[in-house]
Structure formats: structure tokens, C-alpha cells
Amino acid sequence: MAEFRQFVCWSPVTAATTISTEAVSPSPSVFFATHAPLRIRRRHPEAKADDLGVAVTEEEVRRDFLQRPTANGVLLMPVTGESGTGKSHLVRWVHELTRSTEKRVVIYLPKTSTSLRAVVRTLLDQPGVDSPELAQLRADVDRMSSELDPDSLQRRLINELSEAVAVAEPKPGPARVLAGPDKLASLLLDPHVRDHLLQQGKLIPRLAASLLSDRHEREDDRPTSFSLTDLPLDIADVNKASDKAKRLLSLITSRPELQTAAVDILTEQLPVAVTSAWNMGGGRLQQAMLEIRRRYAEQGKEIVLLIEDFVVLQGVQRDLLDALIEAGVRGGRTELAPVRTLMAVTTGYFARLAETVLTRAKAATPYLYDLDVPFETDEQGRTDVTAFVGRYLNAARVGREELDHANVAQGADVPNRCTTCQFQETCHSTFGASAEGHGLYPFNWPALRRTIRARPAHNSPDSFNPRAVIGEVLRPVLVDHAQALREGSFPDQQFREDYPTPAGERFMLGAVQREIEERDSVDASRRKTFLEFWGDSPDNVTNLEPELHNAFGISLLSLDDLATGRDRTTTRLIGGSPSVKRTGGRESAGELPRAIAMMIEHVEEWQGRQSQLPQTTAAYLRGVIRQAVINRCLWTDPVMAEPAAADLDRAWPSNSTVVSIEGAAGERLPGTAEAPIRFKRNATNATFFRQLLLASVDVTGNAAAVRHLHKIAEGRQQDLQRAVQRHRGFSDEELILGMQASLLGAALAGHAWPGMADAELLDAALADGSGWKRADGGGRTPHWTRLWEAHRVGRGELVARLRDGVGFTRGVRGGVRIIDAARALPLVRKAAQEWAWQRPNKLPRWAEKAVPGLNQFAAVADAQLAVLQEQFTKIRAFLPPGVGGSETVTAVEQALRTAVGEGLGPADLATFRLVLDDVRQRDWRCIERLERDLARVDTAQDGENRYRAMITACAVDRGADPATIERFLTAGDAWLSEKLSQARLRGGGGGESAALRVQELLQQWAEVDQ
């Protein structure tokens, strides 16, 4: 025997071709097979909203409509309700049971016949009546329909709308500002404004398309009115419009009341524009309908007009209604045939009509029939819903062809596929059946109720909307989810996405979902959906009827440990009061603070019903989690100064940029997408939040949440520290920029240059330079000196912040005591890779005062190199390579002693002796070091190495020795050169000897000079 497991008793293809959301689409057999009694209320058109009227059946509606005496030959009965409530279904039902007779002509306007030609021809093509006027009107409508294309019709509609607005009677209030031919009417004719009105999706293009072609199933209803989005309020490049149009647009845009007035004026004149665009102005249709009524009056007939959707008459409504409500009995004589009109119209559209067109028809409208009924789940409501659904499910199983073959009619027996099913008894006892014996499988009542509420009608979420039930629940499940049922994966993730937890239904508690995840690691998601929809969201993990599990291929759980009292914590607010189960806490159910209970309920709603987590609860949770990270942070990895509370508030705020919670309020702040701590909307996080809230009031049994909070705090310390670094400008990138500026400044001061050890560079970068003074300052160019002075102004702040960035303090106000070398050395190493300054896109504020002019560093260094090269050249002119400084000084001293004795000493002997004494103390090896540094510049293989060698040569502080040596050699050269000529004039004695020594010394220097 076959098993009732993953059983599909319908064909998805058959279901798709049989079930229609539109009343006019199915064949008569399918229509009657799926027809269930409608819930209708009869009430006065002007009754208050809370006046529900009297409940009636569709048969009572039909009998009343056809048998009620007409007032002066006119009866107008509106059937109101939101889109999809069954208005068209009721009108078609009346039509199916009402045929034309010798005394009655039935005119039926289905809602799919939306083209103006179809509407007019249906009204005018009546048997037994004709005239030249009717023939001409039909010909004109046919001609216009064939000649007009969408583009030309759109233009005609705007032109005619402008004409209608121009001559419309101005109304009191703001509308007067827009009245007349030079105001709103002229705005419609501006080419730039016209282009906006003709954009795809705007009212005019949609209306034109609807007027030219009939409506198909699932297409949008014909637009009936303008909205604010149709107004040209957001025109791009408004300057292209005319001056007059710009002024008027500016006026309308700045005054909301004028925007509303413009919408009302355009909507009111739209029907006039439609009839004029079709050459049917001047009441031509009204006269034609009156002519038809006169001809039928002569034949003793009445007219029954059935309109499935009053909107299809857009453009001809006023003419038609004027003809329909015209009194037919005059002076006791019937001059116009009686007209009974049953028309379906949406509630909102009827309300607008009641203030305009229908105010003239109150006498012909004794009451209306309202199909806006609430979705009730009491015993009667459940019976009505299951009867409705059962008929459609049965029709899907039987199929259109078989129903048509059976020629199902009103009141006839409909084939019931369940009666021939081998699983009928099991299926109906497990999933349920309607009163007529139609099985609800694959739904049961909780699943059916929940799916209906999960996909309500857009305009009326609390009502029972047949179209929404058919189109959003029955067809998708039978067609789109049949394969998943057959494969054993139903209800799958797609079902869960299609049918979220509806408002007003019990949701599955986070603790229950978490336990399901623990017990069913393989199929937890599917089991949760199964228990929520088919099990009505139980408060505890449980198994449903075994046959339910078997049908969907969902295994039973082993729940033996639950009987032994396994700890579980569940919370659900019932009637607004906290209901809490705990395990050994100090709080009892009645003592849980109201604020905590409400936040717990918010969390459960957030997870279970997919509702938004309110701002108060989200902010509380964010604050707790954020503070836990702060409390846990040691500020040692990397080592850094502990920030003040104000810095923490700005760097690590208690909002979604730090703690992001999916589906919570306050998630739209810039930076939320990069939040370091993120929580998805799932059962695990709902349980964590809930336990965190309970732990906040010392409810025991929530240690797992506290441990998880500590884990989060432990793992997010570096995120916190990086956030503080970013706020204070201490990111790695910012510190590297600061160190680059500091190293360049140190180079200007003679304390840093390329090639130094990392530790030496770090010392230079973190030195504030307060005691720095170049010993070779006299040999610096003015530009070099000015650049250093400009840098020194901001160096103190620069270095202080660098120390804060890589250092550690005791307390918030203490100075830096420890430098985190593990962090600082890689930063300074990277900074030392570049010895030129290019201002970045974003510079830390604390570095701004230290960088003015640094972009000229390379040019200043190049100029300084030229000075050094010139100095070295002068020295080498007097001091050849290989000649030591000490022997040079000794030779000069000896020559000086001899020369002084012979009267050949320097003119300023005292000064010369001071220079000689000074140079005797100098380190003459500085000349060799300078020579080596300059040689590296000249012999560098590429530009980068030459630049780094240049910076080294320029930055090194060479002290006063080179300048002193240069001064000595220059002074000695001047003295010896001057006295040589004098020595040559003397002969014999000491003078001659001194002259010879001087000549020898001069000869050595002369050789160098050559």
C-alpha cells in the first residue's frame, strides 16, 4: 500500500491553468466550481465607518437588484470594497444567472475590457436599436482607436487636459492661484514639463496604454487619478523650462497646499481630456445612451447594466452616469427605458465619486453592498475561509478540462477529488477539510490562517481578500512549492521568505528556536517553519501529530529529557503582562521589572515576527555590549594611552556604527555597514539578548550569555583601540605620516638621515627637538634655516601626539612612560622609506603645524648640497689629498715664527694666532667624511640612491670644524701670498731663510691649486 508521505495530489501545471485571480478569467464551470458564498453587508452610502450594515447573501443581492422597483426608471447599486475583495466576482455571478429576455436587455462590461473602444462598442452595439447618430459615434470611436498610437494619444491627452484646466471653473481656496489659461494650464504645455509628464511610469503614459488595449490578468488596474509623484516637482535641469514655467514650478514646489490643489484639478479634468481626445466631447455618449433608452422604451424593455469595474469607464463615466440616472418616467409616461445598474467600485474611488458625480444620483442609490469584511477566525469565520479555500484546492486537483466536461453550473454537484483518494481518511483527520468535504492539504488551519495573514492585501491588511488568498497563497503553494513537497524539503527556505511571521499571530520564541537548533543540527530551519505554521508556534519544543511529520518527511525528535525537567527559559507577554519561567533565580514571575519584560518582548518580536527592534531596546543592548568591551580593554595591544571618557564617546559611540543589529531601529547611520560588532536576526542572537536582559536584573541561569558577552569583549579590544586611534588620528597610516614629518624635521636639525638604525630613527622621531641646535648652522642656507624654524613651531605637538599614539601612560592625565617598540619600530621603518614630503589627502590635525613648507624639502636639500660641495672644493684647494691637518698646522706655525722675526707676519697677528690656536683643536678627519658623503652622491647608480645620499650629506651635523678649517686655510693662503713678494726682495740672514720656508709652503699649495 502506498504511503502518505511527500504526496502531491495535484498537478502544478493543472493548478496554474485552473486557478485564476480574476473573476472574469475562468470558464463558467471553473467559476461555479470555485464559487463560495461571499460575505456581503448592505449599508447606506453615507453610513459611518463603524456602521457595518446588514449581512446578506449574493442571492439576496441578485433578487433585490432585479426585483426592486426603480425610482423614475433608475436604480443604481454600487458594490464597494478594496481591490480583490470579490466585487467583480459578485457582478459576474449575477451576470451568469441573469440572461436577456423579451423584456430585459443585459449589458455586461467585464473588467478586462478596458480599451475605450471596447467599452463604447459594448454599450452601443445593442440589438434592435440603431440610428445615424449611433452609427457615426461608433465609426468615430473605431477611427480614433485605429489612428491613435500610445505616443500620439499621450500628447493629445496633455493638450486636452490643458484646455480643460484652462476653462475649468475656479474653486475657492489655494486652487484659485492655479486657475485660468496662464497658470497650471500653460505649465502643461511647456516642452520640458511635458517631457516629465510623459516619462515611463507616470499617469499619462499608463492611462494611454490602458485606453488603447484591454487589460490582461495580473496587470495593474487602470490609473484613475494624479498623485504628487506625477507632478513635475523634481525636474532635472529645470533651467531648460520657460521663465513662466520656472516661476510657477517654484511656487508649487514651495507650497504643499498648491501641490494638493494641482493634483485635484488635474484629476477632476482628466475625464474631460479623455473624451475630448477621442472626439466624444459635448455629451455625445450621453445622447447616444439616451437614444438607446428611448428605443428600448418603445419596445417595452428595461436595461440591466452590469459593470465589473467602474474604472473601465474612465473618460466616459460622467456622460454614462448622466444618461443612466436620467428619469425615465415623465408626466406619467415612460419615455426612457428603466435602467438597473450594478457596478463594482473600489471603496476609495467611490468616496471620491460621491463628492462629484454620484451626488446627483443619491435618489437612484438606496444603499450599497460592501465586501470589505474583516478576516475573522471564530467558528463561523473559519468555516467560511475553509469553504472558500477548499473549493479552489479541489478545483486545482480536478482541473479545468474535467470541470468543463462536467459542465458545472450554479447549484450543481462539483466533482470532489478527495472522495477517490486512498489517503482521504488520514489526510482529512490530519490536515482538516471544509464542511463540503474538500481537503485542506497541504495546509492545516493554523498554516492556512498564518499564510493568509502573512500576505494580506496591500490596502486592507486585516480583511479577507479573496484575490490575495488566491494569488499570494493558494497558487504559489500549489504551483511553486509542489516540487519541494515531492522532494521532501517542504516547507523550505523559499516558503519561509514568502511567508514571514504575520502581525497578530504568535511567533516562535527565540529560546524555542535555539533549542530546535541544538536538537536538530541537520534540518533546524525547516523544523522551525513547520512548528510555527503547522504547529501554531508552541511555547516549547514539541512534536506534532506523527502523520503531519510523515507527510512532509520531517523526523520526530527524541524529547525524553524534557520530561525530566531540562532547564528552559521562555518568555511571552500575554495580555500585556510579563509571564516568565525561570530556574532558581531571585526574581519571581511577578517581580520582573516592566522595562526589562517589555525589552524581552521586543527581542522576541524582532526575531519571531521579523518586526523592527525598537530604538529603546536596541540602544540598551548596544550600550551594554559596547561598555563590556571598554571595561575589558587593557590598552596594551597595542600599547597606548588610555583615552578619556569623552574620547571614548566619540570614538566608540553607543550606536549602530559600533554594535549593528539587523532589523533594529537606528541602523541607517553612516558607517553602520562597517560596524565591528554585528548581530544577525536569528534565534541564537535573540536568546543571547534575552538572557543578557535577564542577567541585568540578576535572574540566574543566564551564565552562558555573560560568558558570550565576555568573549565578545575579549575579541573586540583591538577594534576598540583602533577606533580610538582613528578618532585621535592614531591609525597606522596617520602615525606613519606624522613620523615622516618628524624625521624630515629631525633631518633639518641634523638628527636623522637615511641609513640610520631603526632605533635611532625612532629616537629622533619621538624627540621634541627643544634642545636641538645645529653646530654647523653657519653653513646652512637661509632656506634650510627657515624651513627648520617653520617645522619647529609645530614639532612639540607633533611629537607629543606621536608619543601618545605609540606609548602607554599611567592614568588618563599622566605622561607617556613606555613606548610600544613592537608597534613603533615598523611604523618608523616604513616612514623612513620616503624622505620627501607630498601632502596627503587627509593629514592628522595634530601634524598640520609641523609641515608648512616641507613639500620644498627636496629643493632646499639640493641647494644645501651645492653649498657643501663649494666648501669642500675651497678646502681641497689648500689641503691636497694625503696632506694631514696636523702637519699643515705645524708648517704654518714654523713659518709664522720665522716670518714674525723677520717682520713678515700677518697684518692682524693676534687674530691669526687665535685662528691657529682654534684650528689646532679641530678634527681634520671631518674633511674625509664630507668627501666620502659627497662621493656617494656623485657615484650613485640611480636617482633614488643619489637622493638618499644627498639627504645624508646635507642632514649630518658636521659641527664647526669644516668652517674653522676653511677659515684657517683661507687666512693662511692670504698671508703667505702677500708676504711672498716681500720675502723675495730680501737676501741673506734670517729673512732669506724665512722666505725660503714660505716659498716651500706656497709651492705645496700652488701644486694643489694647479
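I will try to describe carefully the structure that is included in this document. What you see is a predicted model; the values in this text were computed from it and never measured. (Residues numbered from 1 in each chain as written. Predicted model: local features only at pLDDT ≥ 70, side-chain atom pairs only at ≥ 80, totals over all residues. Heavy atoms only, no water.)

**Some details on the overall build of the protein**
Working step 1: Helix and strand counts for the protein stand at 43 helices and 13 strands.
Working step 2: The buried share of the protein, taken over its 1010 residues, is 52%.
Working step 3: Across the protein, the fraction of contacts at a sequence separation of at least 24, relative to all contacts at a separation of at least 6, is 76%.
Working step 4: Summed over its atoms, the accessible surface of the protein is roughly 45300 Å², and 49% of this surface lies on carbon and sulfur atoms. (Helix = DSSP H or I, 4+ residues; strand = E, 2+ residues; numbered from the N terminus. Buried < 20%, exposed > 50% of the residue type's maximum accessible area, 1.4 Å probe, protein only. Contact = heavy atoms within 4.5 Å. Areas by Shrake-Rupley, 256 points an atom, 1.4 Å probe, with all protein chains shown as cover.)

**Observations regarding the sheet that holds strand 1 (residues 40–43)**
Working step 1: Across the sheet, which stays open at both edges, the seven strands sit in the order 2-1-9-3-8-5-4 with mixed pairing between neighbours. Edge positions in the open sheet fall to strand 2 (54–56) and strand 4 (104–109), since each of these has one partner strand only. Pairwise comparison of adjacent strand axes, ignoring direction, gives a mean angle of 25 degrees for this sheet.
Working step 2: Note that strand 5 (residues 302–307) and strand 8 (residues 339–346) share five bridges and pair parallel. Note that in strand 8 the partner of Val 304 across the bridge is Arg 340.
Working step 3: Packed onto the sheet, helix 3 (residues 58–67) meets strand 1, strand 2, strand 3 (74–81), strand 4, strand 5, strand 8 and strand 9 (368–370) and runs at close to 140 degrees relative to strand 8.
Working step 4: Along the sheet, helix 13 (residues 284–299) contacts strand 3, strand 4, strand 5 and strand 8; its crossing angle with strand 5, the most-contacted strand, is approximately 135 degrees. (Pairing = 2+ DSSP bridges. Axes fitted to C-alpha atoms, helices over the stretch in contact; angles between N-to-C directions.)

**A few points about the packing of aromatic side chains**
Working step 1: What the rule picks out here adds up to 29 aromatic pairs.
Working step 2: Note on Phe 490 and Trp 534: the rings are 5.6 Å apart at their centroids and 80 degrees apart in plane angle, and the pair reads as edge-to-face. With Phe 490 in the loop between helix 21 (482–487) and helix 22 (493–498) and Trp 534 in the loop between helix 24 (524–533) and helix 25 (546–552), the pair connects residues that are 44 residues apart, well separated along the chain. For the pair Phe 490 and Trp 534, a shared accessibility class is recorded, and that class is buried.
Working step 3: Note on Trp 772 and Trp 788: the rings are 6.3 Å apart at their centroids and 35 degrees apart in plane angle, and the pair reads as tilted. Within this pair, whereas Trp 772 is found in the loop between helix 34 (758–765) and helix 35 (782–806), its partner Trp 788 is found in helix 35, the two being separated by 16 residues in sequence. Here the two residues Trp 772 and Trp 788 agree in accessibility, since each one is buried.
Working step 4: Its guanidinium or amino end placed over the ring of Phe 31, Arg 92 lies 4.5 Å from that ring's centre, counting from NZ or CZ.
Working step 5: A cation sits over an aromatic face here: Arg 780 above Trp 784, 4.8 Å from the ring centre. (Phe/Tyr/Trp six-rings, centres within 6.5 Å; stacked < 30°, edge-to-face > 60°. Lys NZ or Arg CZ within 6 Å of the ring centre and 35° of its normal.)

**Details of the state of the cysteines**
Working step 1: Tallying each qualifying case throughout the model produces zero disulfides.
Working step 2: For Cys 421, which is in no disulfide, the shortest distance to another cysteine sulfur is to Cys 9 and amounts to 6.2 Å. (Disulfide = S-S within 2.5 Å.)

**Focus on the nonpolar core**
Working step 1: Counting 79 residues, the largest nonpolar core has Leu 123, Leu 124, Leu 157, Leu 178, Trp 278 and Leu 313 as the members making the most contacts within it.
Working step 2: Excluding residues within four positions of it along the chain, Leu 123 makes contact with Ile 107, Leu 109, Leu 285, Met 289, Ile 292, Leu 305 and Leu 320.
Working step 3: Core analysis: the second largest hydrophobic core is formed by 77 residues, Leu 896, Ile 927, Ile 951 and Cys 954 among them. (Core = buried A, V, L, I, M, F, W, Y, C linked by side-chain atoms within 4.5 Å.)

**Description of the pattern of salt bridges**
Working step 1: A full pass over the atoms with the stated rule returns 63 salt bridges.
Working step 2: Here Arg 722 ties to Asp 719 by a salt bridge, and the two come within 2.9 Å at their closest N and O atoms. Here Arg 722 and its partner Asp 719 are both found in helix 32 (residues 717–727), three residues apart, which amounts to about one turn of the helix.
Working step 3: What makes Arg 722 partly exposed here is its relative accessible area of 38%.
Working step 4: With its nearest N and O atoms 2.9 Å apart, the salt bridge here joins Arg 823 to Asp 732. Here the residue Arg 823 occupies a position in helix 36 (residues 821–831), and Asp 732 occupies one in helix 33 (residues 732–748), the gap between them amounting to 91 residues. (Salt bridge = Lys/Arg side-chain N within 4 Å of Asp/Glu carboxyl O.)

**Comments concerning the pairing of strand 3**
Working step 1: Burial runs high along strand 3: eight of the eight residues are buried.
Working step 2: Residue alternation in strand 3 divides its side chains into two sets, Val 74, Leu 76, Pro 78 and Thr 80 and Leu 75, Met 77, Val 79 and Gly 81, and both sets are buried.
Working step 3: Here eight bridges tie strand 3 to strand 8, and the two strands are oriented parallel to one another. Counted as the bridge partner of Val 79 is Ala 344 from strand 8.
Working step 4: When strand 3 meets strand 9, the two strands line up parallel, connected through two bridges. Each bridged residue has a counterpart across the sheet, and for Thr 80 the counterpart in strand 9 is Asp 370.

**Overview of the pairing of strand 4**
Working step 1: Of all the six residues making up strand 4, six are buried; the element is thus mostly covered by neighbouring parts of the structure.
Working step 2: The side-chain alternation of strand 4 yields two buried faces, one formed by Arg 104, Val 106 and Tyr 108 and the other by Val 105, Ile 107 and Leu 109.
Working step 3: As paired elements, strand 4 and strand 5 share six bridges and run parallel to each other. Bridge pairing in strand 5 links Val 106 to Val 304.

**A short note on the side chain of Thr 80**
Working step 1: Tracing the sequence through the fold places Thr 80 in strand 3.
Working step 2: Contact partners of Thr 80, with chain neighbours within four places excluded, come to Lys 87, Val 345, Thr 347, Phe 350, Leu 368, Tyr 369, Asp 370, Leu 371 and Asp 372.

**A few points about unusual backbone geometry**
Working step 1: Between Tyr 441 and Pro 442 the backbone carries a cis peptide bond, its omega angle lying at 15 degrees.
Working step 2: Tracing the backbone through its elements, the reader meets Pro 442 in the loop between helix 18 (424–431) and helix 19 (445–454).
Working step 3: The backbone of Ser 537 shows a phi angle near 55 degrees, a positive value even though the residue is not glycine.
Working step 4: Among the structural elements, Ser 537 can be located in the loop between helix 24 and helix 25.
Working step 5: Located in the positive-phi region is Gln 610, a residue other than glycine, with phi close to 60 degrees.
Working step 6: Within the secondary structure layout, Gln 610 lies in the loop between helix 27 (594–608) and helix 28 (615–632).

**Some details on the environment of Phe 31**
Working step 1: Here Phe 31 shows up in helix 2 (residues 28–34).
Working step 2: With a relative accessible area of 1%, Phe 31 lands in the buried category.

**As for the packing of helix 34 against helix 36**
Working step 1: Put simply, helix 34 and helix 36 touch, their axes get as near as 9 Å, and they point 90 degrees apart. Taken together, helix 34 and helix 36 sit at an angle that is classed as roughly perpendicular. Between helix 34, through Asp 758, Ala 759, Leu 761, Leu 762 and Ala 765, and helix 36, the contact on the second element is made entirely by Ala 824, Leu 825, Val 828 and Arg 829.
Working step 2: Considered class by class, the residues forming the contact of helix 34 with helix 36 number seven nonpolar, no polar and two charged. (Parallel < 35°, antiparallel > 145°, perpendicular 65-115°, else oblique. Nonpolar A, V, L, I, M, F, W, Y, C, P; charged D, E, K, R; others polar.)

**Here we look at the packing of helix 23 (residues 510–519) against helix 24**
Working step 1: The contact between helix 23 and helix 24 brings their axes to 9 Å, and the two run at 140 degrees. In terms of orientation, helix 23 and helix 24 fall into the oblique class. Judged by the twist between their axes, the crossing of helix 23 over helix 24 is right-handed. Listed contacts from helix 24 to Gln 513, Ile 516 and Glu 517 of helix 23 are Ala 524, Arg 527, Lys 528 and Leu 531.
Working step 2: Classifying every residue of the contact of helix 23 with helix 24 by side-chain character gives three nonpolar, one polar and three charged. (Left-handed = near helix turned anticlockwise from the far one by under 90°.)

**With respect to the environment of Ala 695**
Working step 1: Turning to its location among the elements, Ala 695 is positioned in helix 30 (residues 683–695).
Working step 2: Among the residues examined, Ala 695 registers a relative accessible area of 24% and is labelled partly exposed.
Working step 3: Sequence separation between Ala 695 and Val 706 is eleven residues, and the spatial gap between their C-alpha atoms is 7.6 Å.
Working step 4: Beyond its immediate sequence surroundings of up to four residues, Ala 695 is in contact with Asn 702 and Val 706.

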